[in-house]
Amino acid sequence: MEYEVVYTFLPAIIIFVPIISGILLFFFSERLYSYKEYICIGVTGLFFLLVLSMYPAIREGKILLGLFQYFSFPFSISFKVDQLTFFLGIFFSFVWFMAACFSPGYMAHEHKKERYYAFFLLAEGGCMGTIFAGDLLGLFLFFEFMALTTYVLIAHEETPVTMFAAGKYLYMTVGGGLSVFFGLLITFYLTGSVVFTRPGLITEPSGLATVAFVAFMLGFGLKAGMFPVHVWLPDAHPAAPSPVSAALSGIMLKTGIYGMIRVIFNVYSPDFISRANWDTVMLIIAAITILLGSAMALLQDDLKRRLAYSSIAQIGYIILGIFLLNQSGLTGGLYHLFTHAFMKGLLFLCAGAIIVRTGIRNISQMKGIGLKMPLTMVFFTIASLAMVGIPPFNGFISKWQLSLASLEAGQPVFVAILIVSSLLNAAYYFPIVIAAFFPGEKDSHHDHESVTDDGCSENDHGQEADDHLCYGGRLGLEAPWHMVIPMGLLAIGCFAFALMPVNWAWELALAAARSLFSM
Amino acid sequence: MQHNQIVVSIIPALIFLFPLVGAVGAMFADRYRSEWRNGAIIGSVTLPLLFAALLYPGVSSGKIVYLLINLLPPAGIEFRIDLLSMYMLLLFSFLSVIIIIYTIGYYKNKQEGKVFFYFMLIAISGCLGVSMSGNMLTFFLFFELMSLSFVPLVAYKSNPGAYRAGLKFFFMTIISGVALFWAVVITYTTTGSLAFGLGGLVTEGEPVLAVAFVCYLIAFGIKSAVIPLHIWMPDAYAAAPTPAATISSVIMLKTGVLGLIRVFHDIFGLTVIQETGWNNILLVLAIISMLYGSICAFAQDDLNRRLAYSGIAQVGYILLGLALVTEMALVGTVYHIMAHAFMKGCMFLCAGVIYVNTGKTKISEMKGIGMQMPVTMLAFTIAAVSSVGIPPFNLFVSKWHLGLGAIEAGMPAIILVLLLSSILNASYYFPISINAFLGCRELQNIERQRLRLQPLRMVPLLIFAAGAFIFTIMPYNWPLSLARAIAQLYF
């Protein structure tokens, strides 16, 4: 299939909307202080609409290409929106938008809000730039930009624990970035170009090509949270403010996956990779990532930590899907990418709502929380069901597709791994849900979770508090509407597409996978 | 290379004379008309920049500006501005203007900085002379002028530590001078010439020339602080006033590198170097410098000292590119000279601003300093991030070319060293920026008050910070194209 290329500045302009507004917000923080939330929500919303506005062209099978001449080394970078990047861009920008909408509620009692919102926008710009970049150099540029700006977001609370977690993230991510740099360098040396073309740039097997592949996988895998370079992830997610965790886990991890996809299809080619047997190695790593992430998630008591390990497992699914190197596997992987962005984004927002309203972080203290925050926990339940992969939720479709693709590739063992992992998913999500709605017999410590009116107090030291303080009534703890709405929209996203007559997301994922395999 | 049109011009002599005259002028101004002093100083460094810019169009179109003063037989004082000299000359004169402006801000009290400026101007004159030299003898002459006038700058604070550091530097300079002297003598007796630009005077790698090569390495290695000849540097930087440390780091180190480039490409010639494999000596030294410098930088709590050790590592990069003897690597080397100058200059000036405003030199005391001086620390952060080699910063470009050069030379493993050193860079620079801005919720309000900063100190600092990325985000990367042209001339 031939794709018509349209030259336009739109992708470049889109990327610089959040970046420039973030910079302005940072430098004029005093003057813009009272508008910071509106700016952040407005810009992320505008970003989503701008991406959406490219839909007609994409549907007609066009590729939007924007050359950006103002960057002289070693060639100008370009921006490109094709079927794949549009698919990622549209859903990611939506999740960013939701996380931005959720932020004011979560950040109400935090300090340095102007810095938070400024870097939120910068990180969004970096993340989307990574996806819309038309060559590896641009990808690397925005990848690093995103990595560094995210540091400030993760470290936002500035407590020693947070600083440690964020520091771990920073140094690992710098290492990962340099690893990508190494791969980039070899690619350029071998081929004299880093522009995404089809078929891939490197066609001849050589020692250097192997080194480059390892370097790329380490660099992008590190960002994605792939075993064995996932170690920053379980620390960074709980440390970050919840909307950031949602964006981090739901979206930014996926930039690593996106990098891998580009490496498979544009730097090398699927044939090349399967000939070199690299796919087997990566499938084994994916399997380990899935099982390890799920098993570790079971052991965590900190909710966000459990979610973080769960993210590792889910990333394993996606890596599995794309390294099956067939079209259905890629479709499944891409669809799961979108699914996971919604589910995990939602779960982290729910965790954030719980933290901000009750101060509870530990699962063991969450007994009966569903009775106090019913909507939040309903959303949590929806996301959990989707995670486990129960129809009609999105997670079911992606797991179904991944299983089919495994069979197609003649690797039924991965179906078993998917099933085991789904069971583990159920084992670590359902107890939360069950305990939340059915606290069981009220023992003498039923109010052990300390709860105060603004929900910001610490919950240890056996501080007693009673429900009467909490806005009165049983539902008094429910998150305010401006937090519920973004969660609700994401929850709808978890199943709406699967219920529609035409699964729009599925069509997009399919088109993206087809575009990668067809050329 | 020999077919270049040669233009005889008096301008090179003027360029190196201006700062000398400026020094004398400043001396008189201090005595009779103190309000004219700053004008004299700034004028005497700005004029070389203007004249260098005047020469640029000719040189960039392939002409060579030449001037022979028959003073020192047998070789004579010979100025010869080819593309490499032009690049260095522009860089040095531009940097010296900025540093001089900063120094005027640094020594607000005119009495305090009086003598400092005289020696500073003499040192600048030496640097400019070095960059324009047309033969090794001239190079030697200006090199010594520059080094010796730097001794009082190191010892300027006049405390025991400063004297010690100054003395140490003085002895190292003497050793460097003696080594260079021997090298020049050997070169002249074996080849009968010292001139640059003939594409290599030496035709065969005789043993006596190996001695000369080692002498050159020692002489220029001391100046550019290659391990194990770096020992003067951390002490000198910690003891010297910031402008002195800055000018040493961003300009004088580079004269050592320039000397080695001349030795490699103009005295010995590529064929000899490659046949004999002498470049491997430098290669090993460079790699050790890159790693050792970075590791040592970790352990330092004194900011200037940390910057000094990091400078050792950075010079390691620069010399690595030279030692790899490939075209791409040389592009990296030449570009890195500029990249490092802007990055390290910015950091040193930040250290100076912090010192002058708060009296702090220890990194551990600098927690939350970003609240007091956000712009300074933002500039520092830019420099710190650029040091890792992330696009769109300069260091990405130089590391890129160094990496390509390493693969070209068949040694991709060297890239791992490069990357390791980059990670180390990040891990000793980032904590400074991070502690400056983050993790300081418990600070008192008094410590969060913004300080009023002097524009004369801030503007040079911001120019340096902007220099860390301004060329790469332009549509036309001017230093890179110059670096490429220079490398093309040699390969």
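The notes below deal with the structure included here. This structure is a prediction, so every number in the text was calculated from the model and none was measured.

1. Remarks on the nonpolar core
Counting residues in each nonpolar core, the largest one holds 400 residues, and the members touching the most others are Leu346 of chain A together with Val154 and Cys346 of chain B. The element contributing the most residues to this core is helix α13 (residues 327–358) of chain B, with 20 residues. Apart from the residues within four sequence positions on either side, Val154 of chain B is in contact with Ala162, Ala165, Gly166, Phe169, Ala236, Ala239, Ala240 and Ala244 of chain B.

2. Describing the packing of helix α2 (residues 37–60) of chain B against helix α4 (residues 114–132) of chain B
All names here are of chain B. Between α2 and α4, the shortest axis-to-axis distance is 11 Å and the interhelical angle comes to 5°. Comparing their axes, α4 and α2 come out roughly parallel. Between α2, through Ile41, Ser44, Val45 and Pro48, and α4, the contact on the second element is made entirely by Phe117, Leu121, Ile124 and Leu128. Grouping the amino acids of the contact of α2 with α4 by side-chain chemistry returns seven nonpolar, one polar and no charged.

3. Observations regarding the sheet that holds strand β3 (residues 77–81) of chain B
All names here are of chain B. Taken in spatial order, the three strands of this open sheet run β1-β2-β3, and their pairing is mixed. Sheet topology places β1 (6–8) and β3 at the edges, where each strand pairs with a single neighbour. Mean inter-strand twist for the sheet, computed between neighbouring axes without regard to direction, equals 25°. By the bridge criterion, three bridges tie β1 to strand β2 (residues 64–69) in an arrangement that is parallel. In the sheet register, Val8 faces β2, and the bridge partner there is Tyr66.

4. Topic: unusual backbone geometry
A cis amide bond, omega 10°, links Pro391 of chain A with the succeeding residue Pro392 of chain A. Inspection of the secondary structure puts Pro392 of chain A in the loop between α16 (374–388) and α17 (394–408). A cis amide bond links Ile227 of chain B to the next residue, Pro228 of chain B, at an omega of 5°. Within the secondary structure, Pro228 of chain B sits in the loop between α7 (207–223) and α8 (232–239). A positive phi angle is found at Asn277 of chain A, which is not glycine, with a value near 65°. Relative to the helices and strands, Asn277 of chain A resides in the loop between α11 (270–275) and α12 (278–299). In this structure, Ala225 of chain B is a non-glycine residue whose phi angle is positive, near 60°. Tracing the backbone through its elements, the reader meets Ala225 of chain B in the loop between α7 and α8.

5. Examining the packing of helix α4 (residues 83–107) of chain A against helix α14 (residues 327–358) of chain A
Residue and element names in this part refer to chain A. Running from N to C, α4 and α14 point in directions that differ by 0°, and their axes come no closer than 10 Å. In terms of orientation, α4 lies roughly parallel with respect to α14. Contact with α4, carried on its side by Phe87, Phe91, Phe92, Val95, Met98, Ala99, Phe102, Gly105 and Tyr106, involves Leu334, Phe338, Ala341, Phe342, Gly345, Leu349, Gly352 and Val356 of α14 and no other residues of that element.

What counts, and at which threshold
- Residues numbered from 1 in each chain as written.
- Chains lettered and ligands numbered in written order.
- Predicted model: local features only at pLDDT ≥ 70, side-chain atom pairs only at ≥ 80, totals over all residues.
- Core = buried A, V, L, I, M, F, W, Y, C linked by C-beta atoms within 7 Å.
- Buried ≥ 20, exposed ≤ 12 C-beta atoms within 10 Å, placed from the backbone.
- Helix = DSSP H or I, 4+ residues; strand = E, 2+ residues; numbered from the N terminus.
- Contact = placed C-beta atoms within 7 Å.
- Axes fitted to C-alpha atoms, helices over the stretch in contact; angles between N-to-C directions.
- Parallel < 35°, antiparallel > 145°, perpendicular 65-115°, else oblique.
- Nonpolar A, V, L, I, M, F, W, Y, C, P; charged D, E, K, R; others polar.
- Pairing = 2+ DSSP bridges.

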